[in-house]
Amino acid sequence: MNPLTHEPHMFGPLFTDETISAAFSSARFLSHFSAFERALAQALGEARVVSPKVSAAAVAAIDSFVPDLEAIRAKVLTDGVPAPEYARQLKAHAGPDCLAAIHAGATSQDLVDTATVLALREVTEELGQRLHATLAALDKLDSTFGKVEMMGRTRMQAALPITVSDRIAGWKMPLATHLERLEEIRPRIEQLQFGGAVGNRAATGTAQEAVAAHMAGALGLNNPPRAWHAMRDGMAEYAGWLSLVTGTLGKMGQDLCLMAQQGVDELRLSSGGSSSAMPHKQNPVLAEMLVTLARYNAVQLGGMHQALLHEQERSGAAWTLEWMILPAMAGATGKALLLAQDLLGKIERLGPAR
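Described in the following lines is the structure provided in the data block. Predicted, not measured: the structure shown is a model, and the values here were computed from it.

So, the overall build of the chain
From N to C terminus, the chain includes twelve helices and four strands. Taking the principal axes of the C-alpha coordinates as reference, the chain spans close to 80 × 40 × 35 Å. Look at the contacts in the chain between residues 6 or more apart in sequence, and 78% of them connect residues 24 or more apart. About 16600 Å² of surface is accessible on the chain, with carbon and sulfur atoms providing 57% of the total.

Some remarks on the pattern of salt bridges
Taken as a whole and assessed by the stated rule, the structure comprises 20 salt bridges. Salt-bridge contacts for R88 lead to E85; the nearest nitrogen and oxygen are separated by 3.1 Å. Here the residue R88 and the residue E85 both occupy positions in helix α6 (residues 83–94), the gap between them amounting to three residues, near one helical turn. Assessed through its relative accessible area of 39%, R88 is described here as partly exposed. Residue E85 is classed as buried on the basis of its relative accessible area, which comes to 13%. Measuring nitrogen to oxygen at the nearest pair gives 3.2 Å for the salt bridge that ties E348 to R268.

As for the environment of D139
Mapped onto the fold, D139 is located in helix α7 (residues 108–145). When the C-alpha atoms of D139 and P327 are compared, they prove to be 30 Å apart, with 188 residues separating the residues in sequence. Looking at D139, its side chain comes within polar contact range of the side chain of K172, at 3.0 Å.

What to know about the nonpolar core
For soluble globular proteins, nonpolar side chains are generally found buried alongside one another. In this structure, Y238, L256 and L350 are the most contacted members of the largest nonpolar core, which totals 97 residues. Other than its neighbours up to four places away in sequence, L256 contacts W171, L267, A287, L343, I347 and L350.

A short note on helix α9 (residues 208–219)
A rise of 1.5 Å per residue sets the reference length of α9, with its twelve residues, at 16 Å; its end C-alpha atoms lie 17 Å apart and thus fit the reference within 8%. Where α9 is concerned, the buried positions are V211, A212, M215, A216 and L219. End-on view of α9: buried residues confined to an arc of 125°, all on one side of the axis. Tucked inside the fold, the buried residues of α9 contact α3 (26–46) and α7. G220 sits one or two residues past α9 and shows a positive phi near 70°.

Describing the side chain of H32
Looking at the secondary structure, you find H32 in helix α3. Overall, H32 belongs to the buried group, its relative accessible area being 6%. In contact with H32, other than residues within four places in its own chain, are A115, L118, A119 and E122.

Considering the environment of A158
Counting through the fold element by element, A158 comes out in strand β2 (residues 157–163). Along the sequence, A158 and M235 sit 77 residues apart, while their C-alpha atoms lie 42 Å from each other. Discounting residues that sit within four places of it in the chain, A158 has contacts with M151, G152 and R153.

Overview of unusual backbone geometry
In most cases, non-glycine residues show a negative phi, while peptide bonds are predominantly trans. Even without being a glycine, R48 presents a positive backbone phi close to 60°. Considering the arrangement of structural elements, one finds R48 in the loop between α3 and α4 (52–64). A positive phi angle, close to 45°, is found at Q312, a residue other than glycine. Structurally, Q312 can be placed in the loop between α11 (285–306) and α12 (317–345). Residue classification places Q312 among the exposed residues on the basis of a relative accessible area of 65%.

A closer look at the packing of α6 against α7
Here α6 crosses α7 at 105°, and the two axes come no closer than 9 Å. Judged by the angle between their axes, α6 and α7 are roughly perpendicular. Mapping the contact onto sequence places A83, P84 and Y86 in α6 and S108, L111 and V112 in α7.

Notes on the packing of aromatic side chains
Considering all chains together, one arrives at five aromatic pairs under this definition. On the basis of an interplanar angle of 75° and a centroid distance of 6.4 Å, the ring pair of F29 and F33 is categorised as edge-to-face. Of the two residues, F29 and F33 both sit in helix α3, four residues apart, roughly one turn of that helix. Assessed through its relative accessible area of 17%, F29 is described here as buried. A relative accessible area of 2% places F33 in the buried class. Here a set of aromatic residues connected by ring pairs shows up, and it is made of F29, F33, F65 and Y86.

Here's the deal with the pairing of strand β1 (residues 149–154)
Where β1 lies against β2, five bridges are found, and the strand directions are antiparallel. Across the sheet, residue M151 finds its bridge partner in β2, namely P161. The antiparallel pairing of β1 with β2 creates a hairpin that spans two residues between the two strands, and R155 there sits at a positive phi of about 55°.

What about α6?
Between its first and last C-alpha atoms α6 spans 16 Å; for twelve residues at 1.5 Å apiece the expected length is 16 Å, and the two agree. Taken together, the buried positions of α6 are occupied by A83, P84, E85, Y86, A87, Q89, L90 and A94. The elements touched by buried residues of α6 are α3, α4, α5 (69–79) and α7. With its phi angle positive at about 85°, G95 sits one or two positions after the end of α6.

About the cut-offs
- Residues numbered from 1 in each chain as written.
- Predicted model: local features only at pLDDT ≥ 70, side-chain atom pairs only at ≥ 80, totals over all residues.
- Heavy atoms only, no water.
- Helix = DSSP H or I, 4+ residues; strand = E, 2+ residues; numbered from the N terminus.
- Contact = heavy atoms within 4.5 Å.
- Areas by Shrake-Rupley, 256 points an atom, 1.4 Å probe, with all protein chains shown as cover.
- Salt bridge = Lys/Arg side-chain N within 4 Å of Asp/Glu carboxyl O.
- Buried < 20%, exposed > 50% of the residue type's maximum accessible area, 1.4 Å probe, protein only.
- Polar contact = N/O pair within 3.5 Å; in protein donor to acceptor, adjacent residues only side chain to side chain.
- Core = buried A, V, L, I, M, F, W, Y, C linked by side-chain atoms within 4.5 Å.
- Expected span 1.5 Å × (residues − 1).
- Arc of directions from axis to C-beta.
- Axes fitted to C-alpha atoms, helices over the stretch in contact; angles between N-to-C directions.
- Parallel < 35°, antiparallel > 145°, perpendicular 65-115°, else oblique.
- Phe/Tyr/Trp six-rings, centres within 6.5 Å; stacked < 30°, edge-to-face > 60°.
- Pairing = 2+ DSSP bridges.

Below is the structure:
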């Protein structure tokens with residue numbers, strides 16, 4: 001469960017991102033499980049590990065399979081992962097004639113990690129679009145207010161005059177760099193996980209490379225030279241990127257909070273948050289939330305680095321920690337980008353009042 005959505009009726013609107021949450025939903029993960037098993041069954045036939053007839057029968061069984069989600073949930077506490085019960089159900093549905101092509105040579109981690117990667121691919125596409133939209137909103141503000149002079153501040157003290165464009169550049173340039181970083185890291189994140197019991201693909205014998213290559217192609221993923229069961233640097237790198245994005249947005253939010261202060265008055269918003277005790281106030285709630293979400297992701301990043309510590313060939317504890325943290329970080333980043341766009345659209349003045 002995503003801890004950011006633990007109070008959907010009250011605090012949820014501050015934190016919840018429905019689109020990002022949907023990418024990590026049970027329904028989406030089960031669809032990714034089926035995509036993995038389908039690609040595997042096809043690959044086993046292509047590599048002649050099983051006959052084309054068995055492969056085709058397995059694919060047909062996978063395509064018609066409707067998993068029992070409640071039964072899977074009931075077994076998660078026992079198995080520690082949803083894959084074993086999913087595989088049991090799928091094999092029972094498929095019947096004995098095509099079992100040789102169902103989950104053959106794979107393990108639970110192959111299924112879950114590949115599903116996670118496919119979910120992250122969806123999330124990445126959405127976050128990239130939101131980053132572009134945020135940059136466009138900043139460009140619009142720059143064209144409207146960029147030439148206005150204001151006081152530059154260093155260490156929160158008045159320094160020398162700058163323009164609004166100078167201030168905006170400090171928000172905009174890192175976001176553009178984050179888009180470049182994203183394209184650099186995507187090949188390291190969007191990789192097939194296929195290694196079998198101990199990660200060496202031994203169960204598929206001499207056909208192991210052909211099977212993996214076919215699976216990767218079918219799923220639109222990169223094919224690493226071996227499984228990355230206990231090598232979690234890609235997940236940690238992605239979490240680091242999420243924290244960089246929210247950190248940049250948090251810096252912008254913090255600047256806007258300070259610009260909105262009485263006595264500084266370098267920002268006017270079309271609307272703000274109300275106070276239960278002081279009706280005259282307009283609190284810069286959206287800007288404050290950007291700071292909060294940045295701090296949240298910064299805290300979670302340490303947990304993802306703890307999850308790098310997988311003992312031997314597979315860890316249950318470190319692996320489970322990723323499931324708790326990474327979806328929440330993605331949700332925080334998605335929400336921060338939406339809030340940033342909303343906030344930037346509410347700005348009626350940047351720079352001192354005239």
